[in-house]
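Spelled out, the chains give:
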There are 2 protein chains.
Amino acid sequence: MLIIGMTQEQFSKYSFLLDRTARRVKQYAQRKFKLEDFDITVDQWLILKNLSENELMSQSEMAQILFKDQPTLTRIIDILTKKGYVERVPHPNDRRSFQLVLTQSGAEKVEELKPKVSEIRQKAWENLNEGDFEEFKRILNKIYDNLE
Amino acid sequence: MLIIGMTQEQFSKYSFLLDRTARRVKQYAQRKFKLEDFDITVDQWLILKNLSENELMSQSEMAQILFKDQPTLTRIIDILTKKGYVERVPHPNDRRSFQLVLTQSGAEKVEELKPKVSEIRQKAWENLNEGDFEEFKRILNKIYDNLE
DNA sequence: CAAATATAATTAGTATGACAAGTAATTTTT
DNA sequence: AAAAATTACTTGTCATACTAATTATATTTG
């Protein structure tokens, strides 16, 4: 479908801006994480937070929820396990699978970081309003759905 | 600044959607690149295209334009050099620096791929209009500027 | 001008992302 | 129930991102 009044050239820019902004958002948060000695990465945080809301998830369920692939999940879980925040518990009915649980230390980490992460995330939305947020979500989701 | 009527929790979702969409956009293009045997990655393409529009750029200039860091640039240029699409020419006045130029083969590659890439990029915008595009750019750029 | 500082590029290390292939276990098919 | 297909997870490889440190060269300062 051709978009009237817009050359393909201008049009291709969205991917550049999208990539650039996504990288900066992650980089900004990661620097804060480091500065405040959170001891985890942004992606590791996502997993911890999701686990705190929904324990006993398998790795593949977690991968689905986070839209990450399984090898990536495996490796992040490896790291979180080494750091002592997560444990792999054998699944009672399926010996291929693990259930992920937060350790005590992991649960404490989540409680400690939750408000701090929210605060970091908020910075991006200065001078933008709720309508912008809705528009942004709508367009992002539309793009996402358009690509398979 | 607090956004009225929106909990921090909902609000934090933007980073997730942004990351997810950016990854899918890149992945979608990369699969097409592979399927059609383009022989380069999406990021390598960005550099070739920019070089075709502006030769004799140094690596640090290219890094600035693409908002990538220097080590990343160095490595991508290494790969493009091995593939024979780009050459490092010593800078006439500054022996620390190189000027990047497209080889004949690189220039041909750009001409060959330019329309194909535009077509691939367009897919994301089905059922979205020019107004959406402007909104999207505005919000992305605002977020970008908000984070330093 | 010499010393201090800054810049361009590289190298090294770690994390993530994508893809392919492999293993073990489970489910489906016949 | 045995064979075939599927699923869960892992391993390996390559590319990119970010950080820190290094080297060589330029620029600035005292």
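These remarks concern the structure in this document. Owing to the predicted nature of the structure, the values given are computational and were not obtained by experimental measurement. (Residues numbered from 1 in each chain as written. Chains lettered and ligands numbered in written order. Predicted model: local features only at pLDDT ≥ 70, side-chain atom pairs only at ≥ 80, totals over all residues. Heavy atoms only, no water.)

### Description of the side chain of K68(A)
- Inspection of the secondary structure assignment puts K68(A) in the loop between α4 (59-66) and α5 (70-82).
- Here K68(A) falls in the buried class, since its relative accessible area comes to 12%. (Helix = DSSP H or I, 4+ residues; strand = E, 2+ residues; numbered from the N terminus. Buried < 20%, exposed > 50% of the residue type's maximum accessible area, 1.4 Å probe, protein only.)

### Concerning the protein's contact with DNA strand D
- Neighbouring DNA strand D are 29 residues; R31(A), S60(A), R75(A), R96(A) and T41(B) lie closest to it.
- Within 4 Å of the protein, the atoms of DNA strand D are drawn from sugar and phosphate moieties in a proportion of 65%.
- Between DNA strand D and the protein, one listed contact pairs a phosphate oxygen with a side-chain N or O atom of Q27(A) at 3.4 Å.
- Take R31(A): an N or O atom from its side chain is 2.6 Å from a phosphate oxygen of DNA strand D. (Near = heavy atom within 4 Å. Polar contact = N/O pair within 3.5 Å; in protein donor to acceptor, adjacent residues only side chain to side chain.)

### Observations regarding the nonpolar core
- If you look at the biggest cluster of nonpolar residues, it comprises 83 residues, and the most contacted ones within it are F136(A) and F136(B).
- Setting aside chain neighbours within four positions, we find F136(A) in contact with W125(A), Y14(B), L18(B), F136(B), I139(B), L140(B) and I143(B). (Core = buried A, V, L, I, M, F, W, Y, C linked by side-chain atoms within 4.5 Å. Contact = heavy atoms within 4.5 Å.)

### Let's talk about the relation of the copies chain B and chain A
- The transform that puts chain B on chain A rotates by 179 degrees and translates by 0.0 Å along the axis, for an RMSD of 0.1 Å. Those values place the two copies in the arrangement expected of a two-fold rotation axis.
- Here 100% of the contact residues of chain B are again contact residues in chain A; the copies associate through an equivalent surface. (Least-squares fit on C-alpha atoms with pLDDT ≥ 70 in both.)

### Describing the pairing of strand β3 (residues 98-102) of chain A
Residue and element names in this part refer to chain A.
- Extensive coverage of β3 is indicated by the burial of four of its five residues.
- Where strand β2 (residues 86-90) meets β3, five bridges bridge the pair, whose relative direction is antiparallel. Its bridge partner being in β3, V89 is matched across the sheet by Q99. (Pairing = 2+ DSSP bridges.)

### Some thoughts on the sheet that holds β3(A)
- Spatially, the three strands line up as an open sheet ordered β1-β3-β2 (chain A), and their pairing is antiparallel. Here the strands that pair on one side only, and so sit at the sheet edges, are β1 (57-58) and β2 of chain A.

### Here's the deal with the pattern of salt bridges
- Counting across every chain of the model gives 26 salt bridges over all chains.
- With a closest N to O distance of 2.9 Å, D78(B) and R88(B) form a salt bridge. Of the two residues, D78(B) is situated in helix α5 (residues 70-82) and R88(B) in strand β2 (residues 86-90); the sequence distance between them amounts to ten residues.
- Here D94(B) ties to R96(B) by a salt bridge, and the two come within 2.8 Å at their closest N and O atoms.
- By relative accessible area, which is 74% here, R96(B) ends up exposed.
- Three or more residues are tied together by salt bridges with common partners; here these are D19(A), R23(A), K26(B), D43(B) and K68(B). (Salt bridge = Lys/Arg side-chain N within 4 Å of Asp/Glu carboxyl O.)

### What about the packing of aromatic side chains?
- Scanning all chains against the criterion turns up 13 aromatic pairs over all chains.
- When the ring of W125(A) is compared with that of F136(A), the centres are 5.7 Å apart and the planes differ by 70 degrees; the resulting orientation is edge-to-face. In this pair, W125(A) is assigned in the loop between α6 (104-122) and α7 (130-146) and F136(A) in helix α7, connecting sequence segments eleven residues apart.
- Relative to Y14(B), the ring of W125(A) lies with its centre 5.5 Å away and its plane at 75 degrees, an arrangement referred to as edge-to-face. Of this pair, W125(A) sits in the loop between α6 and α7 while Y14(B) sits in helix α2 (residues 13-35), on two different chains. Exposure class is identical for W125(A) and Y14(B). Each is buried.
- Here R20(B) stacks its cationic end above the ring of Y144(A), 3.8 Å away from the centre of that ring.
- R88(B) extends its terminal NZ or CZ atom over the ring of F98(B), reaching a point 6.0 Å from the ring centre. (Phe/Tyr/Trp six-rings, centres within 6.5 Å; stacked < 30°, edge-to-face > 60°. Lys NZ or Arg CZ within 6 Å of the ring centre and 35° of its normal.)

### Some thoughts on the packing of helix α3 (residues 42-53) of chain B against α5(B)
All names here are of chain B.
- In contact at an axis separation of 10 Å, α3 and α5 are set at 85 degrees when each is read in the N-to-C sense. Considering their axes alone, α3 and α5 lie roughly perpendicular with respect to each other. For the pair α3 and α5, the contacting residues are D43, Q44, I47 and L48 in the first and L73, I76, I77, I79 and L80 in the second.
- Partitioning the contact of α3 with α5 into residue classes produces seven nonpolar, one polar and one charged. (Axes fitted to C-alpha atoms, helices over the stretch in contact; angles between N-to-C directions. Parallel < 35°, antiparallel > 145°, perpendicular 65-115°, else oblique. Nonpolar A, V, L, I, M, F, W, Y, C, P; charged D, E, K, R; others polar.)

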